[in-house]
Structure formats: C-alpha cells, structure tokens
Amino acid sequence: MTSPTRKMGLPNIKAGRNGKPQHSDGFRSSHRLRTGICLALTFVLCFVASTVAAFWTDINGHMHVLEPVSLAQTHKAPEDIYKGKTLNVLVLGQDTRDGKGNAEVGGSGDGLEENHQSDTAMVVQIAADRSYVNVVSIPRDSIVNAPACTTSKGETIPARRQVMFNSIFAEGYSQGGDANSAASCSMAAVRSLTGLDIQQFVVADFNGLKSIIDALGGVDMCIPKDTWDGYTGINLKRGLQHLDGTQATEYARMRHGTGADGSDIMRTTRQQYLIKSLVNEAKAVNIYSDLPKAYRLATTSMSTLQLSEGLGSFQTLLGLGNSLKHIDTTHIYARTIPVEEWSQDSNRVVWTDEAETIWHLLREGKPLTQANEAAESASSSGSQAGNGQDAQDAAQTAGNGPDAGNSAQSPSASDAAAPKPDPRTGLITMPDKTLIDPNTGGTVDPDDGTIRDANTGQYIGMADRYLFATVCAVPAQR
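Predicted, not measured: the structure shown is a model, and the values here were computed from it.

1. A few points about the overall build of the chain
- Each helix and strand counted, the chain has 15 helices and 22 strands in total.
- Counting only residues that meet the buried cut, the chain has 52% of its 478 residues in that class.
- Here the analysis covers contacts within the chain between residues at least 6 apart in sequence; of these, 69% occur between residues at least 24 apart.
- Of the accessible surface of the chain, which amounts to about 21,700 Å², a share of 49% is contributed by carbon and sulfur atoms.

2. Things to note about the nonpolar core
- Membership of the largest hydrophobic core comes to 43 residues, with the highest contact counts inside it found for Leu-90, Val-123, Ile-138, Ile-168, Ile-337, Trp-351 and Trp-359.
- Broken down by element, the residue count for this core peaks at 7 residues, all from helix α5 (residues 179-194).
- Apart from residues lying up to four places away in sequence, Val-123 is in contact with Val-89, Leu-90, Asn-134, Val-135, Val-136, Ile-138, Val-190, Leu-196, Ile-198, Trp-359 and Leu-362.
- The next biggest cluster of nonpolar side chains, apart from the first, holds 30 residues, and it includes Met-254, Leu-274, Leu-435 and Ala-463.

3. A word on the sheet that holds strand β20 (residues 443-444)
- Taken together, 5 strands build an open sheet; the order of strands is β18-β19-β20-β21-β22 and the sheet is antiparallel. The outermost strands of the open sheet, each flanked by one partner alone, are β18 (428-429) and β22 (459-462).
- Lying on the sheet, helix α8 (residues 264-284) is in contact with β21 (450-452) and β22; it crosses β22 at an angle near 25°.

4. Details of unusual backbone geometry
- For Gln-162, which is not glycine, the phi dihedral falls at a positive 50°.
- Position of Gln-162 relative to the elements: it lies in strand β8 (residues 160-164).
- Phi angles above zero are rare outside glycine, and Lys-433 is one such case at about 75°.
- With respect to the secondary-structure elements, Lys-433 resides in the loop between β18 and β19 (435-436).
- You can call Lys-433 exposed: its relative accessible area is 65%.

5. Let's talk about the packing of aromatic side chains
- Taken as a whole and assessed by the stated rule, the structure comprises 3 aromatic pairs.
- Consider the rings of Tyr-132 and Tyr-333, whose centres lie 6.2 Å apart with planes at 40°: the pair is tilted. Of this pair, Tyr-132 sits in the loop between β3 (118-126) and β4 (133-138) while Tyr-333 sits in strand β15 (residues 332-336), placing them 201 residues apart in sequence. Summarising the burial analysis for this pair, Tyr-132 and Tyr-333 share the class buried.
- Relative to Phe-468, the ring of Tyr-273 lies with its centre 6.4 Å away and its plane at 70°, an arrangement referred to as edge-to-face. You can see Tyr-273 sitting in helix α8 and its partner Phe-468 sitting in helix α15 (residues 464-469), a full 195 residues away along the chain.
- Owing to a relative accessible area of 29%, Phe-468 belongs among the partly exposed residues under this scheme.
- The positively charged end of Arg-270 is found above the aromatic ring belonging to Tyr-251, 5.7 Å away from the centroid.

6. A word on the pairing of β4
- Most of β4 sits inside the fold, with 6 of its 6 residues counted as buried.
- Burial along β4 is two-sided: Val-133, Val-135 and Ser-137 facing one way and Asn-134, Val-136 and Ile-138 facing the other are all buried.
- If you look at the hairpin formed by β3 and β4, you'll find 6 residues sitting between the two strands, and Arg-130 has a positive phi there, around 60°.

7. A word on helix α7 (residues 245-253)
- Of all 9 residues that make up α7, 7 are buried, and the element is covered over most of its length.
- Those residues of α7 that fall on the buried side of the exposure criterion are Gly-245, Ala-248, Thr-249, Glu-250, Tyr-251, Ala-252 and Arg-253.
- Between the side-chain oxygen of the N-cap and the backbone nitrogen of Thr-246 there are 3.2 Å, and the N-cap of α7 in question is Asp-244.

8. Some thoughts on α5
- Its 16 residues give α5 an end-to-end C-alpha distance of 22 Å, which sits within 8% of 22 Å, the value for a rise of 1.5 Å per residue.
- Counting buried residues in α5 gives 13 out of 16 residues, a clear majority hidden from the surface.
- Directly after α5, the chain includes Gly-195, whose backbone phi takes a positive value near 75°.

9. Side note on the environment of Gly-442
- One can find Gly-442 in the loop between β19 and β20.
- Gly-442 sits 19 residues away from Gly-461 along the chain, and the two C-alpha atoms are 8.6 Å apart.

About the thresholds
- Residues numbered from 1 in each chain as written.
- Predicted model: local features only at pLDDT ≥ 70, side-chain atom pairs only at ≥ 80, totals over all residues.
- Heavy atoms only, no water.
- Helix = DSSP H or I, 4+ residues; strand = E, 2+ residues; numbered from the N terminus.
- Buried < 20%, exposed > 50% of the residue type's maximum accessible area, 1.4 Å probe, protein only.
- Contact = heavy atoms within 4.5 Å.
- Areas by Shrake-Rupley, 256 points an atom, 1.4 Å probe, with all protein chains shown as cover.
- Core = buried A, V, L, I, M, F, W, Y, C linked by side-chain atoms within 4.5 Å.
- Pairing = 2+ DSSP bridges.
- Axes fitted to C-alpha atoms, helices over the stretch in contact; angles between N-to-C directions.
- Phe/Tyr/Trp six-rings, centres within 6.5 Å; stacked < 30°, edge-to-face > 60°.
- Lys NZ or Arg CZ within 6 Å of the ring centre and 35° of its normal.
- Polar contact = N/O pair within 3.5 Å; in protein donor to acceptor, adjacent residues only side chain to side chain.
- Expected span 1.5 Å × (residues − 1).

Any functional reading would require information beyond the geometric quantities listed.
Below you can see the structure in the form of structure tokens.
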C-alpha cells in the first residue's frame, strides 16, 4: 500500500535503525539569544559515517577467509549509487530541545518547547568525479521569497514574500505538524531560490553532533583568540585546543562574548571551520589500530543521523564514503552566500547579485574557486580597457630601445608577476601586506583568520590553513 508521503512525493526521513524520525514529536528550537545551530554539520556526520563504513568493508576485505574454489568471489568495493553524478544535499542544523541530551547542550527556558525553526542551512555539493566538495551556507536571517509547498497532510502552504529563511521550516512544521513537512518546504525553497536540483536532505541536533565528536575522540581546533561566552558557557584560551563534543558544539554555535560579533553571519564561518576540522580528524583516525573507536564512530553516526530516503541506507552511505575517502581536505570549498544589509531592517540581510554567480557555478557542477577566478578576469578586463593609455605611457617610460615596443607585459608575463599563494597558509600576501584568500577573493583578518567579502565587508569564511600554520603551530593541548 502506498503511503500518503509517497503519493505526494515528499522525501521519507530515515532515522537510524528504527526507521522513524527520532524527533517526530517536534523539532524545537531556541530563543534568539540561545539559538545554537546544531551546525548543519550533518554533512560531516554523513561523511564520517560513510567513510568509517568504507574502512570496515576494507577491513573485511583483508580477512583471510577460505572458500571452495568454485564458490570463491573477488572482493568488491562498495558501490556508490550516485557514481558519476553531482550530488546536491540540503543540510539542516536543528536547534531542538527534544530528545536525550539536547537541553543540556542547547539550554532550556520558557517558550523554547513551542519554537520549531531551523537556524542553519548549508547546500553541500559533492562533485561528480568526487575530487572536491562545495559547501555554501545560507544565513538564517536572509530575507527571501518562499514558494508554495505541500505538507505531509496534503495541504498546500501558499507562497510568501519577504520572509526570513528560517521561518520556512517553522511554517512547514506549524502547518504539517512534522519534520518531514518542515524539511521538505525548506528544500522546495532552496530549489526555487537557487535553481539547483536538490532531492536529498539531512538533519541533526545538538546531541547528535556532540556524540559524533565524542565518538571520534574530540577534534583539534585552532582558537585564534581567548574566547568566552556567557550564553553557551564556552571558555577557551588562544591556541591549538583539543575539544570534546560539548566544547566544539558550543564554540560553533556561539555568537556572543569575545571572539564573536553577535551576528549569525560570523557564526556560519565557524561552522564551516568545524566541518573541515572534523573531516581532517576523521581522516587521521587509525582505524586498524583503534577498532573500538571505529565501531563507536560508525554506530553513533548511523543512530543519530536523520536522512531523506535517497541517503537513508547503510549501503548507500558506505558506497558514497568509499568514493570520498581519498578526497584532499583542501578541496573542500566552503563559504557563506554573499549578502548585504536589508534596506528595511539592519538586522536582516539580502543576497547580493554575486549570489547568482555562486549558484550558477553549482548548477554547472563547478568548484567555488571559479567564482573568484571569474571576478578577477572581469576586473582585469575592465582595468585593461580603462587604462589602455596608461599602459602605453608605462611602455614608453620603460625605455626607447629596440624592445620598447614590447615592454608592455603580455598576459602570461602578468600572471608570472602576480603574487602566488603561500604553500603553508594558502593565502596571498599583497604588496601592502593585505592577506587575500585566493578561493573567494576575500580579505583575511591576520588576527582571527576570518574572511570578509571584498565588496560588502560581510563574513564569508575562515582561513583554517592560515590559523594552523601561524597562530597554532604547536602541539594540541589535550
């Protein structure tokens, strides 16, 4: 018998081994001062789970099991059912107080139980050849137009204009009464706003993220400044720190106190930073010498993830993880979608015209680094067109010998003279000592590693390689 969910084409949420959403009674989120973000780090959880699963399969392949010759079969690596295809996944971080441990991490208070908002969203794109991953954060305070969507009850929520992005999840839950409706409406909105073909989503909560990090044994993170926040209770010293699940979760969800500016935009950069740190930590785990840790990590990951149907299979994750296990973590390109202050409310933001450049790249299945390359090319072309006479004057000044006519640099010569990224930090140092992130074209704060949009000044990322190579070039404090 076909379920109502299948009839309406809504994704079915898989939640661990029991096949039902772990928080089907409600995804409860916090008051704004406590909004925490379960970080939308489900991508990492999914990556970690599937990678560990792939290692387990590899271990099985090394066992010496003898079979009759007629029955012996060659060991095959797990198959990636999305092989050769670009995979787009909407990752929703849920700030819920429901379920074991969530109130302890996220806090509790009057009115929290009735709030059902998703405060974090990331579009994660896994390249068709599995050579890179794009991660684009969508700020919860973005003002957008929400399309109509259908709940699991079969009811249609009308389209709305100029609403906060995180209210889409809230309205879906309010009208549909379940997380499936909420997540499906959020996914429908992102498809409409970006033009991307997104069929899958994943959701995690505070305790899920905390448990994954603890099962991994913690995570090394470079803390650029002494950091204290009275709301989350985080208190970290500057330097390389080995954080447990609670500390890492609180560090990424904080937006008050030292090391933060109170905005959701800056918080998205720490979420991206934690993603890369967790992937590095997962790749560093020695599965063969620490099998108990591998087992804890695999079982914890699988039991805490909430996945749409296209990802809700152990074999699917196992195959995907196997295809990603050799990815270079420097090829995980993360940034926040370009935004600027909304004219009607300084506490809200709208996407800039550059946002379309980002979404176009993802629609074409190209790495985010090409957005900056395109911008530099356009800027260079404009500069050459506007300064043609200056170039001629410079050529004449250079000399009047037999080579004077060729003294203007050719494109290849200009490229050779351009500053190159430092192999340690990954950044470009300009003549005036300004640090530039070559992946985004943004300027980097040398004190805390944050990357700001060169045009708007808004936060768009974190220079993690720079932090580890400079501020934290010392052993982790465990």
